[in-house]
Amino acid sequence: MTIWEMLAVFAAGISAGTINTIVGSGTLITFPVLLATGLPPVTATVSNALGLIPGSISGAIGYRKELEGQRRRVLKLAVGAMIGGLTGATLLLALPSTAFETIVPVLVTLALVLVILQPRISKAVQRRRESTGATARPDGGPLLFVGLMLASVYGGYFTAAQGIIYLSLMGMLLDDTMQRLNAVKNVLAAVVNSIAALFFLFVADFDWTAVVLIAIGSTLGGQIGAKIGRRLSPTFLRALIVTVGTVAIVQLVLR
């Protein structure tokens, strides 16, 4: 890489770390930049996954206050994230890129619709619980576990917008604040990135320069994102998710 390419990758890492912590979809910033430096698509994807691990961990640490009292929930959902992430990483090397590229925009669109409708769905679910006397399961039950595991398959494959899918699913099935759910999202993203990266270390090619630059940049971005994200109101955070997700869909369709 030239010095200018290195600076561009580093800046993309900061941006990706920030936006991943707040919403998700940071890969849509780093991935095109890595391709512009001349890296092949699979090598760029693998390098990106490795580089974003510190950023995901940094974001989770930044949201540690919101994680208080969620230990059992996080541990259970993390198991599904690990299984899904490893499956997705395996598919990245086994399937042609066109296989997932076809369905990705559909998944992200569905996630955005769920985010928009989440307040109404949550109120409807709450009314039903009150009428039947049922209580919300703190871990979301089997439906959330399976849903997040499937989302993690996609996350292990490409990672873009996986955070949006996580938030949409948890928003519907968990009775909690958006900020606390965002904290869980950051942990699950860190788990998926880490398990996929460990797999890639042994079976795939990657560029160490890109990995280091994104790692340093995303670590800084993770702290920036945590400071910004926790100050956002639920309404603004939901609007930001929809905006970023819409941009993600456009990029994925046009790419």
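Look a little higher up for the structure.
The structure contained in this document is the topic of the report that follows. (Residues numbered from 1 in each chain as written. Predicted model: local features only at pLDDT ≥ 70, side-chain atom pairs only at ≥ 80, totals over all residues. Heavy atoms only, no water.)

Points about the overall build of the chain
A tally of regular secondary structure across the chain gives 11 helices and 0 strands. Sequence-ordered secondary structure for the chain, helices as α and strands as β, is α-α-α-α-α-α-α-α-α-α-α. The buried share of the chain, taken over its 255 residues, is 53%. When contacts within the chain are restricted to residue pairs at least 6 apart in sequence, those whose partners lie at least 24 apart make up 85%. Accessible surface, the chain: about 11,600 Å² in total, of which carbon and sulfur atoms supply 70%. (Helix = DSSP H or I, 4+ residues; strand = E, 2+ residues; numbered from the N terminus. Buried < 20%, exposed > 50% of the residue type's maximum accessible area, 1.4 Å probe, protein only. Contact = heavy atoms within 4.5 Å. Areas by Shrake-Rupley, 256 points an atom, 1.4 Å probe, with all protein chains shown as cover.)

Some points on a nonpolar patch on the surface
A cluster of nonpolar side chains, namely V42, L93, L198, L201, F202, V203, W208, V212, I216 and L220, defines an oily patch on the protein surface of about 970 Å² accessible area. Breaking the nonpolar patch down by element, the ones donating at least two residues are α9 (178-203) and α10 (208-229). (Patch = residues over 30% accessible without salt bridge, like charges linked within 9 Å, V, L, I, M, F, W, Y side chains within 5 Å. Salt bridge = Lys/Arg side-chain N within 4 Å of Asp/Glu carboxyl O.)

Observations regarding the nonpolar core
Grouped together as the largest cluster of nonpolar side chains are 50 residues, with contacts concentrated most on L148, M170, L188 and F200. By residue number, the principal contributor to this core is α9, which donates 10 residues. Excluding residues that lie within four positions of it along the chain, L148 makes contacts with L77, Y166, L169, M170 and L188. (Core = buried A, V, L, I, M, F, W, Y, C linked by side-chain atoms within 4.5 Å.)

Digging into the packing of helix α2 (residues 27-36) against helix α3 (residues 41-51)
Each packed pair of helices is defined by two parameters, the angle between the axes and the distance between the axes. In the contact formed by α2 and α3, the axes pass within 9 Å of each other and the chain directions differ by 135°. By the angle between their axes, α2 is oblique relative to α3. Crossing hand, α2 versus α3: right-handed. Within the contact between the two elements, α2 uses T27, T30, F31, L34 and L35 and α3 uses P41, A44, T45 and N48. The class makeup of the residues in the contact of α2 with α3 is 5 nonpolar, 4 polar and no charged. (Axes fitted to C-alpha atoms, helices over the stretch in contact; angles between N-to-C directions. Parallel < 35°, antiparallel > 145°, perpendicular 65-115°, else oblique. Left-handed = near helix turned anticlockwise from the far one by under 90°. Nonpolar A, V, L, I, M, F, W, Y, C, P; charged D, E, K, R; others polar.)

Details of helix α5 (residues 71-94)
In this model, α5 (24 residues) spans 34 Å end to end at C-alpha, consistent with the 34 Å of a helix rising 1.5 Å per residue. Among the residues making up α5, those that are buried are R73, V74, L77, A78, G80, A81, G84, G85, G88, A89 and L92. Each element contacted by the buried residues of α5 is listed here: α3, α7 (141-157) and α9. (Expected span 1.5 Å × (residues − 1).)

Digging into the packing of α3 against α10
The interhelical angle for the contact between α3 and α10, taken along N-to-C directions, is 40°, at an axis separation of 8 Å. What the angle tells us is that α3 and α10 run oblique. Crossing hand, α3 versus α10: right-handed. Listed contacts from α10 to S47, N48, L50 and G51 of α3 are A210, V211, I214, A215 and S218. Class assignment for the residues of the contact of α3 with α10 results in 5 nonpolar, 4 polar and no charged.

Description of the side chain of N186
Following the sequence through the fold, N186 ends up in helix α9. For N186, the residues in contact, after removing those within four places along its chain, are N20, T21, S56, G59, A60 and Y63.

Remember that the coordinates give geometry; whether it matters functionally is a separate question.
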